[in-house]
Amino acid sequence: MPSTTILLVEDSATNRYFIEQFIQKLGYLCVSAKNGVEAVEYCRSKVPDLVLMDVIMPEMDGLQATTELRKLFGEHWVPIIFLTSLNELESVVSGLKAGGDDYLAKPVSFDLLTAKIHVFLRIAEMQNQINQDAIRLEKYYQENEFEQQLALELMERLIRLRTSRPDHVWQYLSPAAGFNGDLIIICQSPGGGEHIMLADCTGHGLTAAISALPAIDCFHEMTEAGCDMPAIVRGVNQKLHKLLPSGRFVAAALIAIDSAGRQARVWNGGVPCVLLFNARGEVEARCKSDHPPLGVLPADAFDDGMQTLAWQPSQTLVVSSDGITEAKDSQGAMFGLPGVEAAVRRGWPDRIGETVLEAVKAHRQGGAASDDVSLLVIRHPDGGPSSR
């Protein structure tokens with residue numbers, strides 16, 4: 001049986017007969033209606049693949065019928081071709097505005113009718129395929145959103161379980177995408193003191209965030225086991241080197257604060273900003289990136305050497321990822337370390353973090369962040385309330 005149905009709406013019995021016979025010879029099922037009312041009634045329960053619509057008909061003409069059919073069909077597109085005599089061209093214009101797609105002049109040329117039927121059925125088939133693809137894409141999008149939301153919640157819980165929030169440390173994390181490829185972990189050492197890691201994983205979004213998971217677990221577990229920071233740095237690097245695919249790595253600054261609060265030891269692999277400020281808000285020491293990021297080098301080529309900073313109660317460490325230092329204005333100029341230092345001086349001593357973020361936002365001149373942003377303001381444990 002023919003699977004394609006063409007609805008012929010024609011009040012002339014003669015025209016209806018010959019066109020119906022021709023359509024059936026083409027191999028299609030032809031359903032006939034004598035006016036717009038019958039056409040609308042038929043389409044209330046069934047949707048044809050194509051409609052051939054006469055313009056002038058009793059009870060309901062082709063223009064009214066087309067308007068009603070478009071309401072019935074909704075978002076499902078069914079081609080409607082008007083059959084009209086040459087003196088009804090004005091009505092055709094109105095019909096096309098009402099939702100018609102083309103017209104064919106009477107007396108009908110069967111060669112032209114054949115061509116138009118084939119063309120519009122092919123277009124309708126492509127449109128139907130597009131609609132089905134859109135439905136599949138929407139379903140995939142919804143499922144993906146649900147899965148990503150679940151993954152995000154699990155990762156946030158993991159980070160909350162693995163990190164503490166001491167009063168003297170102010171921190172800020174903001175993702176460029178739904179997932180943050182930057183992370184901040186603060187762990188209390190069993191022997192006293194603190195271990196802190198600010199890490200910036202390659203890329204953005206879920207893939208970057210997944211790269212952070214091995215680093216979080218290794219850093220936390222080795223700290224709880226009482227390992228010193230050089231051993232932790234080496235352990236995290238070894239795990240990432242084994243697990244991460246080629247081209248993936250984690251830029252990180254790892255900081256060990258001793259139990260007496262007299263010194264901070266810093267390992268910096270790829271983090272642009274690790275600055276120690278003195279009591280006047282001036283840079284006392286710069287911890288440059290002396291190492292490649294974690295995960296790049298194998299164990300036998302890895303250097304766990306750390307920089308030791310004498311730390312006074314009046315001093316503050318400021319650490320940030322390149323989401324801050326590489327923020328650009330409309331001319332492409334970066335915020336840079338000078339921007340961080342200037343903002344710290346303006347916010348010194350009570351609004352350091354907030355002032356840096358405000359300065360970066362002003363520097364971007366309304367532009368969106370192009371990278372994940374992380375910022376740490378670490379006051380001396382005996383230096384009073386935490387900075388903001």
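Refer to the structure presented above.
Residues numbered from 1 in each chain as written. Predicted model: local features only at pLDDT ≥ 70, side-chain atom pairs only at ≥ 80, totals over all residues. Heavy atoms only, no water.

What about the layout of surface pockets?
Now for step 1: Its volume calculated, the second largest pocket comes out at about 260 Å³.
Now for step 2: As for the second largest pocket, its lining consists of 14 residues, of which Asp49, Leu121, Ala124, Glu125 and Asn128 are closest to the centre.
Now for step 3: Residues of the lining of the second largest pocket, tallied by class, amount to five nonpolar, six polar and three charged. (1 Å grid on protein atoms, 1.4 Å probe; cavity = no way out; pocket = protein on both sides within 12 Å on 5 of 7 lines; lining within 4 Å. Points joined across faces, edges and corners; volume = space filled by probe spheres on them. Nonpolar A, V, L, I, M, F, W, Y, C, P; charged D, E, K, R; others polar.)

Some thoughts on the sheet that holds strand β8 (residues 194-201)
Now for step 1: In spatial order, the strands read β7-β8-β9-β10-β13; together these five strands make up an open sheet with antiparallel pairing. Taken across any chain shown, the strands that pair with only one partner, and hence form the sheet edges, are β7 (182-188) and β13 (307-310). For this sheet, the mean inter-axis angle between neighbouring strands, taken without regard to orientation, is 15 degrees.
Now for step 2: Direction of pairing for β7 relative to β8: antiparallel, over a ladder of seven bridges. Each residue of the ladder has a partner; that of Gln188, found in β8, is Glu194.
Now for step 3: Together, β8, β9 (250-257) and β10 (263-269) form the strand contacts of helix α7 (residues 229-243), whose direction differs from that of β9 by roughly 160 degrees. (Pairing = 2+ DSSP bridges. Helix = DSSP H or I, 4+ residues; strand = E, 2+ residues; numbered from the N terminus. Axes fitted to C-alpha atoms, helices over the stretch in contact; angles between N-to-C directions. Contact = heavy atoms within 4.5 Å.)

Side note on the pairing of strand β2 (residues 29-33)
Now for step 1: Note that strand β1 (residues 5-9) and β2 share five bridges and pair parallel. Within β2, the position partnered with Ile6 by the bridge is Cys30.

Comments concerning helix α1 (residues 13-25)
Now for step 1: Between its first and last C-alpha, α1 extends 18 Å over 13 residues, near the 18 Å set by a 1.5 Å rise per residue.
Now for step 2: For α1, the complete set of buried residues consists of Arg16, Ile19, Phe22 and Ile23. The buried residues of α1 occupy an angular sector of 140 degrees when the element is viewed end-on, so they sit on one face. Along α1, exposed side chains directed more than 90 degrees from the buried face belong to Phe18 and Lys25.
Now for step 3: Following α1 by one or two positions, Gly27 adopts a phi angle in the positive range, close to 100 degrees. (Expected span 1.5 Å × (residues − 1). Buried < 20%, exposed > 50% of the residue type's maximum accessible area, 1.4 Å probe, protein only. Arc of directions from axis to C-beta.)

Digging into the packing of helix α2 (residues 36-45) against helix α3 (residues 62-73)
Now for step 1: Where α2 meets α3, the closest approach of the two axes is 9 Å, and the angle between their N-to-C directions is 5 degrees. Put simply, α2 runs roughly parallel to α3. The residues of α3 that touch α2, namely those facing Gly36, Ala39, Val40, Cys43 and Arg44, are Ala65, Glu68, Leu69, Leu72 and Phe73.
Now for step 2: Here the contact of α2 with α3 is composed, by residue class, of seven nonpolar, one polar and two charged. (Parallel < 35°, antiparallel > 145°, perpendicular 65-115°, else oblique.)

Just distances and angles here, no functional claims.
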